[in-house]
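Reading the structure
Spelled out, the chains give:
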Amino acid sequence: MARALSSRKSTKTKSATSIAAERKSRPAPRLETPTFLSSQASEEIAAALTALLADTFALYLKTKNFHWHVSGPHFHDYHLMFDDQADEIFAMTDPLAERARKVGGTTLRSIGHIGRVQRLLDNDASYVEPADMLAELMDDNKQLAAFMRQTHDLCDDHDDVATESLLEEFIDQTEKRIWFLYETSRGMQTSGH
């Protein structure tokens, strides 16, 4: 029995290896997108949007983490608020990625790519107090808004008004999340009670 499992496992490994080799041997797809931007502007804006996208995915997962693991007397309210905020954050991902492509760049390709590019820190703690969840999400949203403003300034330098407009909407949404997290956390004790 162990021998049969072992041979099956090696067959799967060979298959995955051959697939990876086949992918590497294929010619690279042509991903050039026509754009009015210079090649430098295209590269800089796409890189900034990709970093924002990585941060957005990191914040989305942290918000869902806190949604899944919140506890205490305000569980219902926090659970729902975190879920609403996570949905809003996730809704930003596709427009950010597509904008990077529209300006002539590329964007994220994997979870590993996110990890290499993200600037917001993960939270792998086994337990986080509800008050600390609120504070951490508020700080992360503030950082994300600051990153979006920096990218907005870069787009302004290159006359990319479409990306500026997209970021203005996302900055407004992020400021609303900050406001809700701040108001929810006012007067809380560390234990969330």
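Structure first, text after, so check above.
Residues numbered from 1 in each chain as written. Predicted model: local features only at pLDDT ≥ 70, side-chain atom pairs only at ≥ 80, totals over all residues. Heavy atoms only, no water.

1. Focus on the nonpolar core
By size, the foremost hydrophobic cluster in this structure holds 39 residues, and its most contacted members are Ile45, Leu52, Phe82, Leu96, Met148 and Leu181. Of all the secondary-structure elements, those providing two or more residues to this core are helix H2 (39-69), helix H3 (75-90), helix H4 (93-102), helix H6 (130-157) and helix H7 (161-185). If one sorts the elements of this core by residue count, H2 sits on top with 10 residues. Excluding its chain neighbours within four sequence positions, the residues that come into contact with Ile45 are Leu37, Val103, Leu154, Cys155, His158 and Asp160. (Core = buried A, V, L, I, M, F, W, Y, C linked by side-chain atoms within 4.5 Å. Buried < 20%, exposed > 50% of the residue type's maximum accessible area, 1.4 Å probe, protein only. Helix = DSSP H or I, 4+ residues; strand = E, 2+ residues; numbered from the N terminus. Contact = heavy atoms within 4.5 Å.)

2. Some thoughts on the packing of H2 against H3
It is at 8 Å that the axes of H2 and H3 come closest, and there the two elements cross at 160°. One finds that H2 runs roughly antiparallel with respect to H3. The two elements H2 and H3 meet at a crossing, and its hand is left-handed. Between H2 and H3, the residues in contact are Thr56, Phe57, Leu59, Tyr60, Thr63, Lys64, Phe66 and His67 and His79, Phe82, Asp83, Gln85, Ala86, Ile89 and Phe90, respectively. For the contact of H2 with H3, the class distribution of residues is eight nonpolar, five polar and two charged. (Axes fitted to C-alpha atoms, helices over the stretch in contact; angles between N-to-C directions. Parallel < 35°, antiparallel > 145°, perpendicular 65-115°, else oblique. Left-handed = near helix turned anticlockwise from the far one by under 90°. Nonpolar A, V, L, I, M, F, W, Y, C, P; charged D, E, K, R; others polar.)

3. Considerations on H4
Along H4, the positions that sit buried rather than exposed are Thr93, Leu96, Ala97, Arg99 and Ala100. In an axial view of H4, the angular spread of the buried residues amounts to 160°, which keeps them on one side of the axis. Check the buried side of H4 and you find it contacts H2, H3 and H7. Residue Gly104 follows H4 closely and has a positive phi angle near 100°. (Arc of directions from axis to C-beta.)

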